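Coordinate inspection notes
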Amino acid sequence: MASLTLVHWLLIGNLALLVVVGGFMWSLWRQQQLEQARVNESLVALDEANQAVSRSAIGMGRRIKQIESRFQKVEQKAVLPNADDATFEQASRLVGLGATATELVDNCGMARGEAELLVSLKRQ
């Protein structure tokens, strides 16, 4: 059998080194692919969480607007009494001064039953 020369040994060594480097490169490529898949999964999860927070913030904003609207209505009602409240207060003052149910009907435009009820409540 022919003995291998130095050139042959160098070619065999280079081929072996090429196989080892190729295997190492394939291993690094595979790790990089797995890491990329994990990063993509994390991005999807973060995107879903971000969308949930956004929807929640939008819902909270709508709810705050509803509460502000209701608060403004209540505030206006408390600050500006309606005509019925003013009529009742005037009738109550008149009963305190001795007015009768008939006088309340004539002066305040109240129903007879309301006037009689108010007089009976104030007289007690």
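Since the model is a prediction, treat every value here as computed from it, not as a measurement. (Residues numbered from 1 in each chain as written. Predicted model: local features only at pLDDT ≥ 70, side-chain atom pairs only at ≥ 80, totals over all residues. Heavy atoms only, no water.)

Brief notes about the confidence of the model for the chain
Taken as a whole, the chain shows an average pLDDT of 88; of its residues, 91% reach a score of 70 or greater. No element of the chain has a lower mean pLDDT than helix α2 (residues 83-96), which averages 77, and none a higher one than helix α1 (residues 6-79), which averages 94. (pLDDT = per-residue confidence, 0-100. Helix = DSSP H or I, 4+ residues; strand = E, 2+ residues; numbered from the N terminus.)

Re the nonpolar core
With ten residues, the main nonpolar core is built from A91, V95, A99, A101, L104, C108, M110, A115, L118 and V119. Secondary-structure elements contributing two or more residues to this core are α2, α3 (101-108) and α4 (112-123). Beyond its immediate sequence surroundings of up to four residues, L104 is in contact with A91, L94, V95, A99, G109, M110, A115, L118 and V119. (Core = buried A, V, L, I, M, F, W, Y, C linked by side-chain atoms within 4.5 Å. Buried < 20%, exposed > 50% of the residue type's maximum accessible area, 1.4 Å probe, protein only. Contact = heavy atoms within 4.5 Å.)

Brief notes about the pattern of salt bridges
Under the definition given, this model contains two salt bridges. A salt bridge links E35 to R38; the shortest N-O distance between them is 2.7 Å. Linking E35 with R38, this pair stays in helix α1, spanning three residues, or about one helical turn. Its salt-bridge partner being R112, residue E116 comes within 3.4 Å of it at the nearest N-O pair. Remark: R112 and E116 occur in helix α4; sequence separation between them is four residues, near one turn of the helix. (Salt bridge = Lys/Arg side-chain N within 4 Å of Asp/Glu carboxyl O.)

Some remarks on a nonpolar patch on the surface
A cluster of nonpolar side chains, contributed by L17, V21, F24, M25 and L28, occupies part of the molecular surface with about 480 Å² of accessible area. With respect to the helices, strands and loops of the structure, V21 is situated in helix α1. Take V21: its relative accessible area is 40%, and that puts it in the partly exposed class. (Patch = residues over 30% accessible without salt bridge, like charges linked within 9 Å, V, L, I, M, F, W, Y side chains within 5 Å. Areas by Shrake-Rupley, 256 points an atom, 1.4 Å probe, with all protein chains shown as cover.)

Re the side chain of S92
Examined against the element boundaries, S92 turns out to sit in helix α2. Owing to a relative accessible area of 14%, S92 belongs among the buried residues under this scheme. If sequence neighbours within four positions are ignored, S92 has contacts with L118 and K122.

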